[in-house]
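Structural features, examined
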Amino acid sequence: MLAALSHHATRATEKLRKENRECGYLATFMSTSRYRSSEHYANQRGIALPYPTADTREICKQAVTLARALWRDGYKYNKAGIVLSDFRVPGACQSDFFSRIEDDKRDQELMRTLDKINSIAGKNTVRFGRQIHKNTDWQMRRENLSPAYTTRWSDIPIVRT
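Residues numbered from 1 in each chain as written. Predicted model: local features only at pLDDT ≥ 70, side-chain atom pairs only at ≥ 80, totals over all residues. Heavy atoms only, no water.

1. Topic: the overall build of the chain
Of regular secondary structure, the chain possesses 3 helices and 3 strands. Reading the chain from its N end, one meets helices and strands in the order α-β-β-α-β-α. A total of 161 residues make up the chain; the buried ones form 31% of that total. Within the chain, residue pairs in contact and separated by at least 24 positions form 73% of the contacts whose partners lie at least 6 positions apart. Looking at the chain as shown, the accessible area adds up to about 11900 Å², and 51% of this sits on carbon and sulfur atoms. (Helix = DSSP H or I, 4+ residues; strand = E, 2+ residues; numbered from the N terminus. Buried < 20%, exposed > 50% of the residue type's maximum accessible area, 1.4 Å probe, protein only. Contact = heavy atoms within 4.5 Å. Areas by Shrake-Rupley, 256 points an atom, 1.4 Å probe, with all protein chains shown as cover.)

2. Description of the pattern of salt bridges
Oppositely charged side chains can form a pair if their charged atoms are brought close together. In this structure the tally under the stated criterion is 7 salt bridges. Here D115 ties to R17 by a salt bridge, and the two come within 2.6 Å at their closest N and O atoms. Of this pair, D115 sits in helix α3 (residues 101-121) while R17 sits in helix α1 (residues 2-18), placing them 98 residues apart in sequence. Overall, D115 belongs to the partly exposed group, its relative accessible area being 22%. Residue R17 is classed as buried on the basis of its relative accessible area, which comes to 18%. (Salt bridge = Lys/Arg side-chain N within 4 Å of Asp/Glu carboxyl O.)

3. Here's the deal with the confidence of the model for the chain
Mean pLDDT over the chain works out to 82, with 84% of the residues at or above the 70 mark. The weakest mean pLDDT in the chain belongs to α3 at 75; the strongest belongs to strand β1 (residues 22-32) at 92. (pLDDT = per-residue confidence, 0-100.)

4. Some remarks on the side chain of T56
Inspection of the secondary structure puts T56 in helix α2 (residues 56-70). Polar side-chain contacts of T56 include one of 3.0 Å to the side chain of R17. Excluding residues within four positions of it along the chain, T56 makes contact with T10, T13, R17, M111 and F128. (Polar contact = N/O pair within 3.5 Å; in protein donor to acceptor, adjacent residues only side chain to side chain.)

5. Examining the pairing of β1
Burial analysis of β1 places 9 of its 11 residues in the buried class, the great majority of the element. In this sheet, strand β3 (residues 77-88) lies alongside β1 in antiparallel orientation, the contact comprising 10 bridges. Considered in β3, the bridge of T32 is made with Y77. Two elements, β1 and strand β2 (residues 42-53), share 8 bridges in a ladder whose sense is antiparallel. Bridge pairing in β2 places S31 opposite A42. (Pairing = 2+ DSSP bridges.)

6. A closer look at the nonpolar core
Membership of the largest hydrophobic core comes to 20 residues, with the highest contact counts inside it found for L5, C23, L26, M30, I59, I82 and L84. Not counting residues up to four positions away in its chain, the partners in contact with M30 are M1, L5, Y41, A42, N43, A67, L70, W71, Y77, K79 and A80. (Core = buried A, V, L, I, M, F, W, Y, C linked by side-chain atoms within 4.5 Å.)

7. Things to note about the packing of aromatic side chains
With the rule as written, the count across this model stands at 4 aromatic pairs. Aromatic pair Y41 and Y75: ring centres 5.1 Å apart, planes at 20 degrees, arrangement stacked. Residue Y41 is found in the loop between β1 and β2, and its partner Y75 is found in the loop between α2 and β3; the two are separated by 34 residues along the sequence. The exposure class assigned to Y75 is partly exposed, which follows from its relative accessible area of 25%. Aromatic pair Y41 and Y77: ring centres 6.0 Å apart, planes at 75 degrees, arrangement edge-to-face. Of this pair, Y41 sits in the loop between β1 and β2 while Y77 sits in strand β3, placing them 36 residues apart in sequence. Under the relative-accessibility criterion, Y41 is labelled buried at 11%. Three or more aromatic residues link up through ring pairs in this structure, and these residues are Y41, W71, Y75 and Y77. (Phe/Tyr/Trp six-rings, centres within 6.5 Å; stacked < 30°, edge-to-face > 60°.)

Here it is in structure tokens:
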């Protein structure tokens, strides 16, 4: 479960950085299937981040902390995810006297480097340890994926006479 949440957090922060945004609020949710005969459980928690960020390490750390608070033993979870909100332009938030401005610049450079490596060498070339898990059954099944006729050229049927 933590590997799945870390994966979602990584993808979300990559998108934040691509759009040149930071987020100030993070929510984590998880649930069991409501269609199974066993008891249904669903819950979510959110946290206002100490400062707006697009740092994967910080978002993953907070998401894992929230997930541990939501976890209940004995349930078979089938859905988990994160929600980011309170988007801001980097540097738009006024810092305080104890701000880590120098560290922020190094963190931003590290995230830019990570994104650059992953864009050149392929998605998920460099990952955080929390994302790595032998069992990838939690990923979406795509065997029965519907064709995307309106958004993908390769899915448009070819008519031959």
